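# Residue-level structure breakdown
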Amino acid sequence: MTESLFEILGVPRRYHLTDEEMERAFHARSRLLHPDRHMKADPQTRVKNALATSQLNEAYRTLKHGTKRAEYLLKLEGIELTDERNGHKVSPAFLMEILELREELAEARGALDAVRVQSLGAGVRARRDEALASVGAGFARWEAGDQNALKSVADALVAERYFNRFLDDVEAFEDAQHDRGQV
């Protein structure tokens, strides 16, 4: 069985990790694997350490980002957000709500209504922040032993993805407005 990214980095398997914990673990492991420490080792050991360094870098890159860490934890628990057939199902009501928001955004963009676009963006930004707070709260419940909390975490992460895509479109509109000198 392969090690989890948490094991590779040397941190507990949980969502609530501080930047300092992860950085300290990363640097400690990096020092142990540094090529200068293994210059006289046989080629097989040097290759093994190079591979371990690559895995350590991947673990750190993934786990230092809260959303990626959350998605990885869900995956370890058998919830795959990218596979609706075998993984997490998105609520049809939520999808309908996103579709309606996107239609409103398209209308506002088409009318070059910057105030309306900004208003829609502010509303979705607040909802994205609520979703991220729900991720943290859900993992706190899970870390306290509530296995059912992972469904709400998955819902919040899916919502965050949709909200981020929406906000990317808001930002693209605002950038285009700025480029045209209309801001």
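Residues numbered from 1 in each chain as written. Predicted model: local features only at pLDDT ≥ 70, side-chain atom pairs only at ≥ 80, totals over all residues. Heavy atoms only, no water.

## As for the overall build of the protein chain
Applicable threshold: Strands are runs of DSSP state E lasting at least two residues, helices are runs of H or I lasting at least four, and both sets are numbered from the N terminus onward. With C-alpha atoms as the basis for the radius of gyration, the globule rule is written as 2.2 Å multiplied by the number of residues raised to the power 0.38. Residue contacts are counted whenever heavy atoms from the two residues lie within 4.5 Å of one another. Residue burial considers only the protein chains on display, and all accessible areas are found by Shrake-Rupley using a 1.4 Å probe.
Across its full length, the protein chain carries 7 helices and 0 strands. When its helices and strands are written in sequence order, the protein chain yields α-α-α-α-α-α-α. Relative to the globule expectation of 16 Å for 183 residues, the C-alpha radius of gyration of the protein chain, 21 Å, shows a markedly less compact shape. In the protein chain, once contacts between residues fewer than 6 apart in sequence are set aside, the share between residues at least 24 apart is 66%. Accessible surface for the protein chain amounts to roughly 11,300 Å². Of this, 52% is attributable to carbon and sulfur atoms.

## Focus: the pattern of salt bridges
Note the threshold: Salt bridge criterion: a side-chain nitrogen from Lys or Arg within 4 Å of a carboxyl oxygen from Asp or Glu. Throughout, exposure labels follow a simple rule: accessible area from a 1.4 Å probe, protein chains only, divided by the maximum for the residue type, with under 20% read as buried, over 50% as exposed, and the rest as partly exposed.
Applying the stated criterion across every chain yields a total of 9 salt bridges. Note that Arg161 and Glu71 form a salt bridge whose closest N and O atoms lie 3.2 Å from each other. Within this pair, whereas Arg161 is found in helix H7 (residues 149-180), its partner Glu71 is found in helix H4 (residues 66-76), the two being separated by 90 residues in sequence. Residue class for Arg161 comes out partly exposed when judged on its relative accessible area of 23%. On the accessibility criterion, Glu71 (23% relative accessible area) is partly exposed. Of the charged contacts, one joins Arg102 and Asp169 as a salt bridge, the two residues approaching to 2.6 Å between their closest N and O atoms. With Arg102 in helix H5 (residues 92-110) and Asp169 in helix H7, this pair connects stretches of sequence that are 67 residues apart. Relative accessible area serves as the criterion here: at 24%, Asp169 is assigned to the partly exposed category.

## Regarding the nonpolar core
What counts here: Take the buried Ala, Val, Leu, Ile, Met, Phe, Trp, Tyr and Cys residues and link them wherever side-chain atoms come within 4.5 Å; each set so joined is a nonpolar core.
By size, the foremost hydrophobic cluster in this structure holds 47 residues, and its most contacted members are Leu9, Val11, Leu63, Leu74, Val135 and Phe139. Of all elements in the fold, only helix H1 (5-9), helix H2 (19-33), helix H3 (43-63), H4, H5, helix H6 (114-143) and H7 reach the threshold of two or more residues within this core. In contact with Leu74, not counting residues within four places along its chain, are Ile79, Leu81, Phe139, Leu150, Val153, Ala154 and Leu157.

## A word on the confidence of the model for the protein chain
In plain terms, the rule: Known as pLDDT, the predictor's per-residue confidence is scaled from 0 to 100.
Averaged over all residues, the pLDDT of the protein chain is 90; the fraction at 70 or higher stands at 92%. Averaged pLDDT values over the elements of the protein chain bottom out at 88 in H3 and peak at 97 in H6.

## A closer look at a negative patch on the surface
Filter applied, for reference: Patch definition: residues with relative accessible area over 30% and no salt bridge; like charges joined within 9 Å; nonpolar side chains (Val, Leu, Ile, Met, Phe, Trp, Tyr) joined within 5 Å. For the charge count, each Lys or Arg is scored as positive and each Asp or Glu as negative, with His and the chain ends excluded. Charge coordinates come from a single atom per side chain, which is NZ of Lys, CZ of Arg, CG of Asp or CD of Glu.
A contiguous patch of negative charge on the surface is contributed by Asp168, Glu171, Asp175 and Asp179. Tracing the chain through its elements places Asp168 in helix H7.

## Describing unusual backbone geometry
With a phi close to 55 degrees, Leu112 is a non-glycine residue in the positive phi region. Positionally, Leu112 belongs in the loop between H5 and H6. For Leu112, a relative accessible area of 44% translates into the label partly exposed.

## As for the environment of Ile98
Mapping Ile98 onto the fold places it in helix H5. Under the relative-accessibility criterion, Ile98 is labelled buried at 6%. Along the chain, Ile98 and Ser119 lie 21 residues apart, while their C-alpha atoms are 15 Å from each other.

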